[in-house]
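Structural characterization, general
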Amino acid sequence: MPVGLRGDRLDLGYHGKPVVHDASITLAAGAVTALVGPNGSGKSTLLRALARLHRPASGSVLLADGTSALAMSARDFARRVTLLAQSRPTPSGVTVQDVVGYGRHPYRGRWRGDDPDGPRAVAWAMDVTGVGPMAGRAVDELSGGERQRVWLATCLAQDTRVLLLDEPTTYLDLRYQVEILDLVRDLAEEHGVAVGVVLHDLNQAAAVADRVVLLHGGAVLASGDPVEVFTPQRLSTAYGIPVEVFTEPDTGLVTTRPVGRHTRRPSTVFTHPSTNGSAPS
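None of these values were measured; they are calculated from a predicted model. (Residues numbered from 1 in each chain as written. Predicted model: local features only at pLDDT ≥ 70, side-chain atom pairs only at ≥ 80, totals over all residues. Heavy atoms only, no water.)

Looking at the overall build of the protein
Across its full length, the protein holds nine helices and 11 strands. For the protein, whose C-alpha radius of gyration is 20 Å, the value lies close to the compact-globule estimate of 19 Å for 281 residues. By its C-alpha atoms, the protein is 65 × 40 × 35 Å across when sized along the principal axes. When the 281 residues of the protein are sorted by exposure, 49% land in the buried category. A sequence separation of at least 24 residues applies to 66% of the contacts in the protein between residues at least 6 apart. For the protein, the accessible area works out to roughly 13,400 Å², and carbon and sulfur atoms hold 51% of it. Of the side-chain charges in the protein, 28 are positive and 29 negative, and the distance between the mean point of each set is 6 Å. (Helix = DSSP H or I, 4+ residues; strand = E, 2+ residues; numbered from the N terminus. Rg over C-alpha atoms; globule rule 2.2 N^0.38 Å. Buried < 20%, exposed > 50% of the residue type's maximum accessible area, 1.4 Å probe, protein only. Contact = heavy atoms within 4.5 Å. Areas by Shrake-Rupley, 256 points an atom, 1.4 Å probe, with all protein chains shown as cover. Lys, Arg positive; Asp, Glu negative; His and termini not counted. Charge placed at Lys NZ, Arg CZ, Asp CG, Glu CD.)

Digging into empty space enclosed by the protein
Following the criterion strictly, the structure yields one cavity of 30 Å³ or more and no others. Within this model, the largest cavity holds a volume of roughly 70 Å³. Taken together, T82, W124, C155, L156, D159, T160, R161, L163 and V193 form the lining of the largest cavity. Taken domain by domain, the lining of the largest cavity gets at least three of its residues from each of domain 1 (3-80 + 160-258) and domain 2 (92-159). (1 Å grid on protein atoms, 1.4 Å probe; cavity = no way out; pocket = protein on both sides within 12 Å on 5 of 7 lines; lining within 4 Å. Points joined across faces, edges and corners; volume = space filled by probe spheres on them. Domains from an automatic or database assignment.)

Digging into the domain arrangement of the protein
In terms of domains, the protein is made up of domain 1 (3-80 + 160-258) and domain 2 (92-159). In this structure, domain 1 and domain 2 have C-alpha centres spaced 25 Å apart. Taken residue by residue, the interface counts 16 residues in domain 1 and 18 residues in domain 2. Where domain 1 packs against domain 2, one counts one salt bridge. Counting every contact that joins domain 1 to domain 2 gives six residue pairs in polar contact (both at pLDDT 80 or more). Taken together, the elements giving at least two residues each to the side of domain 1 that touches domain 2 come down to α2 (74-78), β6 (162-166) and α6 (174-191). Per-element tally for the side of domain 1 that touches domain 2: the top contributor is α6, with six residues. Partitioning the side of domain 1 that touches domain 2 into residue classes produces nine nonpolar, two polar and five charged. (Salt bridge = Lys/Arg side-chain N within 4 Å of Asp/Glu carboxyl O. Polar contact = N/O pair within 3.5 Å; in protein donor to acceptor, adjacent residues only side chain to side chain. Nonpolar A, V, L, I, M, F, W, Y, C, P; charged D, E, K, R; others polar.)

Structural notes on the sheet that holds strand β2 (residues 17-28)
With respect to topology, three strands assemble into an open sheet ordered β2-β1-β4, the strand pairing being antiparallel. Strands at the two margins of the open sheet, each flanked by one partner only, are β2 and β4 (58-63). Strand-to-strand twist of the sheet, defined as the mean angle between neighbouring strand axes without regard to direction, takes the value 15 degrees. Relative to β2, strand β1 (residues 3-14) runs antiparallel, the two sharing eight bridges. Paired with G7 across the two strands is I25, which belongs to β2. Lying over the sheet, helix α1 (residues 43-50) contacts β1, β2 and β4, oriented at roughly 120 degrees with respect to β1. (Pairing = 2+ DSSP bridges. Axes fitted to C-alpha atoms, helices over the stretch in contact; angles between N-to-C directions.)

Thoughts on the packing of aromatic side chains
The full count for this structure, using the stated rule, is zero aromatic pairs. In this structure, R104 is placed above the aromatic ring of Y107, and the distance from its NZ or CZ to the ring centre is 4.0 Å. (Phe/Tyr/Trp six-rings, centres within 6.5 Å; stacked < 30°, edge-to-face > 60°. Lys NZ or Arg CZ within 6 Å of the ring centre and 35° of its normal.)

Regarding the packing of helix α5 (residues 144-157) against α6
Where α5 contacts α6, the axes come no closer than 10 Å and their chain directions differ by 15 degrees. Here α6 runs roughly parallel to α5, going by the angle between their axes. Viewed along their axes, α5 and α6 form a crossing whose handedness is right-handed. Contacts from G145, E146, Q148, R149, L152 and L156 in α5 reach Y176, E179, I180, L183 and L187 in α6. Within the contact of α5 with α6, the residues separate by chemical class into six nonpolar, two polar and three charged. (Parallel < 35°, antiparallel > 145°, perpendicular 65-115°, else oblique. Left-handed = near helix turned anticlockwise from the far one by under 90°.)

In structure tokens form, the structure reads like this:
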């Protein structure tokens, strides 16, 4: 697949303290890449570096044509890459349509009329995310799941080919988690967007991602197809607890389960193809 964005041998830190070491990641156009790992493993820091919000101590962030992200102007970079952060302030009394319109800021000069393609991009973003019927409602009156879709629409209105999402399903109920992840797959499959997404839920990552990047201690422990990366040994090492991995025989879908002292065993067990399904003790 063509490259949408990549980070090469990135070293990242805060106040001189290393957080991410020698990490490389490629986001392919038309594919979803999920970053997973325990708290403090460097997932969000790596994503922020790809979004040019965290300057690397060494390494490079490159666009599809090989252009260095750090060499671009903020406006030009925002026309090619957008980030949906974990949280955003909710404006009071501002309509959904106006909030989605904020995504057009990289294309506007001093006057809003300078963006002739804006109405089309805003309408498309609202349609894809299903927030069109809410266009006239105030954003602060919406539910958490509805607001998340509005923020996603705002990112899409930016009309970039690379979309970065930092834990987009956090605090959402099951329905909205599924809807957001369905949208993510649609953007990759139907619109050719390169998606990089940080997820805590390993089963969500396995279900939605074409590739996963497993981080541990600030380094990439493994990357590739979820079936290849999600092994009991690797996950148990990364998370510090036993993790069982099962593969459904009909679909090939990987499912993981952390094992605690009171974990109940299922009546039917599908094991990972490379192991007997048991995690190391």
